[in-house]
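# Fold and geometry: a report
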Amino acid sequence: MSGSSKKKEPLPTKLIEFSKAIIYGHDPANKVRENSKLIDNITPSEVISLVDELVGMDIPLDELKSGINKILNLFYRSLNDAKAAKITAGSFLDILQKNNAEMADRLKNMRPLIRKINKNPNDVKTKQALLEGFTGLKPFENHYVIKENVLFPALEKQWPDYRCLQVMWSFHDDIRNNRKQIVSILRKAVLDLPKFNKLAGDLFFNMLAIKFREEKILFPVMLDTIPQGQLKQMLSESRDFRFPYVQPEFGKDGPATEAKTQKEGVDLETGMLTARQIQLIFNHLPVDITFVDELNKVRYFSSPEKRIFPRAKSIIGRDVKNCHPPESVHIVEEIIETFRIGKQDKASFRIKMGETFLLIRYFAVRDQKNRYCGVVEVSQEISEIQQLKGEQRLLDWSANADI
């Protein structure tokens, strides 16, 4: 279906006022009674527009997320009772939904273990089973990565009210952070049971809430507004990622078409290269490169053999502020604005991720007249480089293998 041309009706003022009352705690019980008809007749499309409207009110993020949880809890019955969306077997949304089902089963299987560890926090066997269970949820984080890099960019281009996605991304980050903390707690000799219970409770709630919001809000509206061809394109673009548990069948399509070779090449002043040669050079550098132009649009990213951060072609043309979760987007905006006004020309960060150590650098791109043309991000895994000592003046293939 290509309902992308459908014009949405403006949100009822009553719905917005009701939602603000719930968020700010202004006589919520009475507001629920007064708006029972509105609650019973809410639609997925209205929820998306409502959250977009709330994001635009500059409500502090934690307060907004807590309020949205309360509002959607009130809408739960109406949304859950709505007719299920017809999703084609093997489609992009079908694969996401099947992985959701597997995730929910894994959570269900862990509930008895959580009850058991609460009865006996010193039960080593149960603790180990829980550690394996929460470790087994890590692949599901790919589900969120695919949404952030394939699904979200496509919806930003189609929906004027896409800001609900920013809130969903923030919940993704909460889930990832909670799971990591839970695994750390379970690996310690003495179990911090109160902290474990709090984190596990938040994780279960958020993972199942996001599943519900995908299947009862996001997916139905997508089916009604996104052309089938674009949904197929999302599945194709997800080829570069791995789904958590259930994998799609991509068929026998070959790899993406290489950049067309230009006979004359591109004059780079210090040499002439074809588009294919430029592509190969960038993709053989041991770094991730992303270029954002002067209008803050992503225009290019390299595809080295081992990418540090996932990227999909749908990111091209996307506003860079939509490529980051709400909690960190202000840092990116500050870097770009500082570069734009000429106050700085570079910024760098060092991040520890498990056993790897990352160096992330941003460089202002300017032309010969010093006019701002954009920013290039360069990310590199530097664990091996950090371990280098002394000189190496002779050729040693074994020493070069890991660098």
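For the structure itself, look to the data block above.
The paragraphs below set out a description of the structure included in this document.

Parameters and conventions
Residues numbered from 1 in each chain as written. Predicted model: local features only at pLDDT ≥ 70, side-chain atom pairs only at ≥ 80, totals over all residues. Heavy atoms only, no water. Buried < 20%, exposed > 50% of the residue type's maximum accessible area, 1.4 Å probe, protein only. Helix = DSSP H or I, 4+ residues; strand = E, 2+ residues; numbered from the N terminus. Pairing = 2+ DSSP bridges. Axes fitted to C-alpha atoms, helices over the stretch in contact; angles between N-to-C directions. Contact = heavy atoms within 4.5 Å. Arc of directions from axis to C-beta. Core = buried A, V, L, I, M, F, W, Y, C linked by side-chain atoms within 4.5 Å. Left-handed = near helix turned anticlockwise from the far one by under 90°. Nonpolar A, V, L, I, M, F, W, Y, C, P; charged D, E, K, R; others polar. Patch = residues over 30% accessible without salt bridge, like charges linked within 9 Å, V, L, I, M, F, W, Y side chains within 5 Å. Areas by Shrake-Rupley, 256 points an atom, 1.4 Å probe, with all protein chains shown as cover. Salt bridge = Lys/Arg side-chain N within 4 Å of Asp/Glu carboxyl O. Phe/Tyr/Trp six-rings, centres within 6.5 Å; stacked < 30°, edge-to-face > 60°. Lys NZ or Arg CZ within 6 Å of the ring centre and 35° of its normal.

### What about the pairing of strand β7 (residues 372-381)?
Burial of β7 is extensive: 8 of the 10 residues sit out of reach of the surface. Both strand β6 (residues 356-366) and β7 contribute to a ladder of 9 bridges, which runs antiparallel. Residue pairing across strands places L358 opposite E381, the latter belonging to β7.

### Quick word on unusual backbone geometry
The backbone of D27 shows a phi angle near 50°, a positive value even though the residue is not glycine. For N296, which is not a glycine, the phi torsion comes out positive at approximately 70°.

### Here we look at the sheet that holds β7
The sheet built from 5 strands is open, its strands ordered β4-β3-β7-β6-β5 with antiparallel pairing. What marks the edges here is a single partner per strand, and that holds for β4 (298-301) and β5 (346-353). In this sheet, neighbouring strand axes are inclined to one another by 15° on average, regardless of whether the strands run parallel or antiparallel. Sheet strands in contact with helix α13 (residues 326-340) are β5, β6 and β7, and its direction is about 35° off that of β6.

### What to know about helix α11 (residues 228-237)
Along α11, the positions that sit buried rather than exposed are L231, M234, L235 and E237. Viewed along the axis of α11, the buried residues span an arc of 165°, placing them on a single side of the element. The exposed residues of α11 that point more than 90 degrees off its buried face are G229 and K232. Where α11 is buried, its residues meet α6 (92-119), α8 (141-158) and α10 (193-225).

### Here we look at the nonpolar core
Of all hydrophobic cores here, the largest spans 82 residues; its most connected members are F75, F92, F134, F196 and M222. Not counting chain neighbours up to four residues away, the residues in contact with M222 comprise L93, L151, L155, W159, L231 and M234. Core analysis: the second largest hydrophobic core is formed by 15 residues, I315, V332, Y362 and Y372 among them.

### Concerning the packing of helix α9 (residues 164-187) against α10
Between α9 and α10, the shortest axis-to-axis distance is 9 Å and the interhelical angle comes to 150°. Here α9 and α10 pass one another in a crossing that is left-handed. Across the interface between the two elements, L165, M168, F171, H172, D174, I175, N178, R179, Q181, I182, I185 and L186 of α9 pack against K195, F196, L199, A200, D202, L203, N206, M207, I210, R213 and L218 of α10. Partitioned by chemical class, the residues of the contact of α9 with α10 number 14 nonpolar, 4 polar and 5 charged.

### Regarding a nonpolar patch on the surface
A contiguous nonpolar patch, built from I331, F349, I351 and M353 and spanning about 300 Å² of accessible area, is present on the exposed surface. With 3 residues, the top contributor of residues to the nonpolar patch is β5. Checked against the element boundaries, F349 lands in strand β5. Residue class for F349 comes out partly exposed when judged on its relative accessible area of 32%.

### Describing the pairing of strand β3 (residues 288-293)
Taking burial as the measure, the 6 residues of β3 include 5 buried ones, the bulk of the element. Relative to β7, β3 runs antiparallel, the two being bridged by 6 bridges. Bridging from a neighbouring strand, D288 pairs with S379 of β7. Two elements, β3 and β4, share 3 bridges in a ladder whose sense is antiparallel. Opposite V292, over in β4, you have V298 as the bridge partner. Count of turn residues in the β3/β4 antiparallel hairpin: 4 residues, of which N296 carries a positive phi of about 70°.

### Points about the pattern of salt bridges
Per the stated rule, a full pass over the model turns up 22 salt bridges. Put simply, R77 and D40 hold a salt bridge, and the shortest N to O gap is 3.5 Å. One end of the pair, R77, is in helix α5 (residues 61-81); the other, D40, is in helix α3 (residues 36-40), and 37 residues separate them in sequence. For the salt bridge of E327 with K65, the shortest nitrogen-to-oxygen distance reads 3.8 Å. Here K65 lies in helix α5 and E327 lies in helix α13, a separation of 262 residues in the sequence. Given a relative accessible area of 5%, K65 falls into the buried group.

### What about the side chain of N100?
Within the secondary structure, N100 sits in helix α6. Judged by relative accessible area, N100 falls into the buried class, the value being 1%. Apart from residues no more than four positions distant in its own chain, N100 is found in contact with F140, H143, K211, E214 and E215.

### Observations concerning the packing of aromatic side chains
Enumeration according to the criterion identifies 10 aromatic pairs in this entry. Judged by centre distance (4.7 Å) and plane angle (25°), the ring pair of Y76 and F212 falls under stacked. Placement of the pair is Y76 in helix α5 and F212 in helix α10, with a sequence separation of 136 residues. Residue classification places Y76 among the partly exposed positions, given a relative accessible area of 42%. Between F134 and F196 the ring centres are 6.0 Å apart and the planes differ by 90°, which places this aromatic pair in the edge-to-face class. Highlighted residues: F134 in helix α7 (residues 124-135) and F196 in helix α10, separated in sequence by 62 residues. The two residues F134 and F196 agree in class, both being buried. Through successive ring pairs, a cluster of aromatic residues spans F134, F196 and F204. Directly above the ring of F171 sits K65, whose terminal nitrogen or CZ lies 5.2 Å from the centroid.

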